[in-house]
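# Working through the structure, step by step
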Amino acid sequence: MKVRTDVADMLRDGLTNAQIARHAHVSHRTVAAARTALGLPNCKGGNKSDPNIEEALRKRSQSTIDGHREWLGSVDGPGNTPVLRIHGVRTTAYRAAWIALHGRPPIGEVKPGCGQPRCVESSHLDDRPARERNEAAYNALFGGAP
């Protein structure tokens, strides 16, 4: 069986069959067959907990050619918010990426300021003060809210 390169890479990165199927737009059976063809063991599903924020983010996301970092891991809620567990504590991937970059918890909610859904590129994320600064700068330049 010929295995797609992107599927093989995600399998080797430790993603679950469900995560790969969702991201690569293939069936679960296709992913399972690829796993068998590559001689990789089955991956247990569910929310895994990682002790290291940077490693958890790297394993569950991938860089895009346009500079974003697309979340491939678990999502929650109506907005499909990226989520993961760090030291057994469930948090958003946005918050985890913010902490990884700034070394401190964010103030208020963290959201991608780039407008790309599920982008967890640390430099693309804004907390409440960053959004307020951006809005003030926009108002100063253009005389109104974006």
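So, here is what we can say about the structure in this document. (Residues numbered from 1 in each chain as written. Predicted model: local features only at pLDDT ≥ 70, side-chain atom pairs only at ≥ 80, totals over all residues. Heavy atoms only, no water.)

### Regarding the packing of aromatic side chains
Rules: Here a Phe, Tyr or Trp ring, Trp counted by its six-membered ring, pairs with any other such ring whose centre lies within 6.5 Å, and the pair is stacked when the planes are under 30 degrees apart, edge-to-face when over 60, and tilted otherwise. Secondary structure counts use DSSP, requiring at least four H or I residues in a row for a helix and at least two E residues in a row for a strand, with both numbered from the N terminus.
Taken as a whole and assessed by the stated rule, the structure comprises one aromatic pair. Ring centres of Tyr 138 and Phe 142 lie 4.9 Å apart, and the angle between their planes is 45°; on these two criteria the pair is classed as tilted. A residue pair is termed a helical-turn pair when its members lie 3 or 4 positions apart in one helix, as Tyr 138 and Phe 142 do in helix 6 (residues 128-142) at four residues.

### Looking at the pattern of salt bridges
Selection rule: Salt bridge, as used here, is a side-chain nitrogen of Lys or Arg placed within 4 Å of a carboxyl oxygen of Asp or Glu. Exposure categories follow from relative accessible area, calculated using a 1.4 Å probe and restricted to protein chains: below 20% of the type maximum is buried, above 50% is exposed, and the middle band is partly exposed.
Inspection of the entire model under this criterion finds six salt bridges. With a shortest N-O distance of 2.4 Å, Asp 76 and Arg 90 are connected by a salt bridge. On the criterion of sequence distance, the pair formed by Asp 76 in strand 4 (residues 75-76) and Arg 90 in strand 6 (residues 89-92) is long-range, its members being 14 residues apart. When its relative accessible area of 40% is taken as the criterion, Arg 90 is described as partly exposed. One salt bridge in this structure joins Arg 104 and Asp 127, with 3.9 Å as the shortest N-O distance. Of the two residues, Arg 104 sits in the loop between helix 5 (93-102) and strand 7 (111-112) while Asp 127 sits in the loop between strand 8 (125-126) and helix 6, which places them 23 residues apart along the sequence.

### What to know about the pairing of strand 6
Filter applied, for reference: Each pair of strands is called paired provided DSSP finds at least two bridges between the two strands.
As defined by bridge partners, strand 5 (residues 81-86) adjoins strand 6 across four bridges and the pair is classed as antiparallel. Looking at strand 6, one finds that Arg 85 is bridged to Arg 90. The turn joining strand 5 and strand 6, which pair antiparallel and follow one another in sequence, is formed by two residues; a positive phi near 50° is taken by His 87.

### What about helix 5?
The cut-off we apply is this: Whether two residues are in contact is decided by their heavy atoms: any pair within 4.5 Å suffices.
Taken residue by residue, helix 5 has Ala 93, Tyr 94, Ala 96, Ala 97 and Trp 98 as its buried positions. Looking at the buried residues of helix 5, the elements they touch are helix 4 (53-59), strand 3 (69-71), strand 5, strand 6, strand 7 and strand 8. Of the residues one or two after helix 5, Gly 103 is the one with positive phi, at around 70°.

### Thoughts on the nonpolar core
Put simply, the rule reads: For this analysis, a nonpolar core means a set of buried residues of the types Ala, Val, Leu, Ile, Met, Phe, Trp, Tyr and Cys, connected via side-chain atoms within 4.5 Å.
Counting 14 residues, the largest nonpolar core has Leu 57, Trp 71, Leu 84, Ala 93 and Leu 125 as the members making the most contacts within it. If you list the elements that add at least two residues to this core, you get helix 4, strand 5 and helix 5. Ranked by size, the runner-up nonpolar core spans 13 residues in total, among them Val 3, Met 10, Val 26 and Val 31.

### A word on unusual backbone geometry
Phi angles above zero are rare outside glycine, and His 25 is one such case at about 60°. The residue His 25 is located in the loop between helix 2 (17-24) and helix 3 (28-37) in this model. The phi torsion at Arg 118 lies on the positive side, around 60°, for a residue other than glycine. Its location among the elements puts Arg 118 in the loop between strand 7 and strand 8.

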